[in-house]
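Fold and contact review
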Amino acid sequence: MTGSSTTARKTLSKIACNRLQKELLEWQVNPPAGFKHKVTDNLQRWVIEVNGASGTLYANETYQLQVDFPEHYPMEAPQVIFLHPAPLHPHIYSNGHICLDILYDSWSPAMTVSSICISILSMLSSSTVKQRPEDNDRYVKNCRNGRSPKETRWWFHDDKV
């Protein structure tokens, strides 16, 4: 999936707009350490720069997350992917899809973009190896037609990486 997704998105609900404006203001006042929101005029799609934490395998590396908010955010989780190039990590596919339960089955409307970012940085920071998931090639091949990671039936079985 690329930054120029061809899927048609519905406009945000009033609740989603209000929530995102509140989160954006909070981000501007108190951004999570290691992250920078790239300012655009699109409230529905955020691009966030991620800086690898010092003392980790990803120290001094910078990546970009793309966060696409659905019409009914925060009742529905945003779609979060890494833009190319995605970091080498056992839970991050080469197409940028992230296998992290809070982005899917464990999503809660109490979560925010900041809490998502902190969880992703924690996942990166705790990794002991830089490698793709074992099923990377098969998964990416099955996603060629722009399939959203939210359409995947993830199996969350490994919390040691």
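Residues numbered from 1 in each chain as written. Predicted model: local features only at pLDDT ≥ 70, side-chain atom pairs only at ≥ 80, totals over all residues. Heavy atoms only, no water.

The name that an unreviewed UniProt entry assigns to the chain is E2 ubiquitin-conjugating enzyme, with the source organism given as Rhamnella rubrinervis. The UniProt entry for the chain carries the following text under Function (unreviewed entry): "Accepts the ubiquitin from the E1 complex and catalyzes its covalent attachment to other proteins." (UniProt positions renumbered as here; feature names shortened; annotations may be inferred.)

**Observations concerning the packing of aromatic side chains**
Under the defined criterion, the tally for this structure stands at 6 aromatic pairs. Judged by centre distance (5.3 Å) and plane angle (70°), the ring pair of Trp46 and Phe69 falls under edge-to-face. With Trp46 in strand β2 (residues 45-51) and Phe69 in the loop between β3 (62-68) and β4 (79-82), the pair connects residues that are 23 residues apart, well separated along the chain. Looking at Phe69, the relative accessible area reads 2%, which means it is buried. Judged by centre distance (6.2 Å) and plane angle (80°), the rings of Tyr63 and Phe82 are edge-to-face. Here Tyr63 is found in strand β3, whereas its partner Phe82 is found in strand β4, with 19 residues between them in sequence. Here the aromatic cluster, defined as three or more aromatic residues joined through ring pairs, consists of Trp27, Trp46, Phe69, Tyr73 and Trp107. (Phe/Tyr/Trp six-rings, centres within 6.5 Å; stacked < 30°, edge-to-face > 60°. Helix = DSSP H or I, 4+ residues; strand = E, 2+ residues; numbered from the N terminus. Buried < 20%, exposed > 50% of the residue type's maximum accessible area, 1.4 Å probe, protein only.)

**Thoughts on unusual backbone geometry**
The amide bond that connects Tyr73 to the next residue, Pro74, takes the cis arrangement and shows omega of 5°. In this fold, Pro74 is placed in the loop between β3 and β4. Positioned with a positive phi, Asn60 is a non-glycine residue whose angle comes to about 65°. You can see Asn60 is positioned in the loop between β2 and β3.

**Comments concerning the pattern of salt bridges**
Opposite charge on two side chains permits pairing when their charged atoms draw close. Tallied over the entire structure, the rule returns 4 salt bridges. Two residues, Arg45 and Asp68, come together in a salt bridge whose shortest N-O distance is 2.5 Å. Here Arg45, found in strand β2, pairs with Asp68, found in strand β3; they are 23 residues apart in sequence, far enough to count as distant. On the basis of relative accessible area, Asp68 is assigned to the buried category, the value being 8%. Measuring nitrogen to oxygen at the nearest pair gives 2.4 Å for the salt bridge that ties Glu61 to Lys130. On the criterion of sequence distance, the pair formed by Glu61 in the loop between β2 and β3 and Lys130 in the loop between α2 (113-125) and α3 (136-142) is long-range, its members being 69 residues apart. (Salt bridge = Lys/Arg side-chain N within 4 Å of Asp/Glu carboxyl O.)

**Structural notes on the nonpolar core**
What tends to happen in soluble globular proteins is that the nonpolar side chains get buried as a cluster. Counting 34 residues, the largest nonpolar core has Trp46, Ile48, Leu65, Phe82, Ile98 and Ile120 as its most contacted members. Breaking this core down by element, the ones donating at least two residues are α1 (14-29), β2, β3, β4 and α2. In terms of residue count, the dominant contributor to this core is α2 (7 residues). In contact with Trp46, other than residues within four places in its own chain, are Leu20, Glu23, Leu24, Trp27, His37, Leu65, Gln66, Val67, Phe69 and Val113. (Core = buried A, V, L, I, M, F, W, Y, C linked by side-chain atoms within 4.5 Å. Contact = heavy atoms within 4.5 Å.)

**Observations regarding the sheet that holds β3**
In a beta sheet, neighbouring strands pair by backbone hydrogen bonds and run either parallel or antiparallel. In space, the 4 strands of this open sheet follow the order β1-β2-β3-β4, with antiparallel pairing throughout. A strand with exactly one partner marks an edge of an open sheet, and here the two such strands are β1 (35-38) and β4. Mean inter-strand twist for the sheet, computed between neighbouring axes without regard to direction, equals 25°. Strand direction decides the pairing type here: β1 and β2, joined by 4 bridges, are antiparallel. Residue pairing across strands places Lys36 opposite Glu49, the latter belonging to β2. (Pairing = 2+ DSSP bridges. Axes fitted to C-alpha atoms, helices over the stretch in contact; angles between N-to-C directions.)

**Looking at the confidence of the model for the chain**
Of all residues in the chain, 84% have pLDDT values of 70 or greater, and the mean over the chain is 88. By mean pLDDT, α3 is the weakest element of the chain at 86, and β3 is the strongest at 97. Counting contacts from residues 1-7, a segment whose pLDDT is below 50, to residues more than four positions away or on other chains yields 12 contacts. (pLDDT = per-residue confidence, 0-100.)

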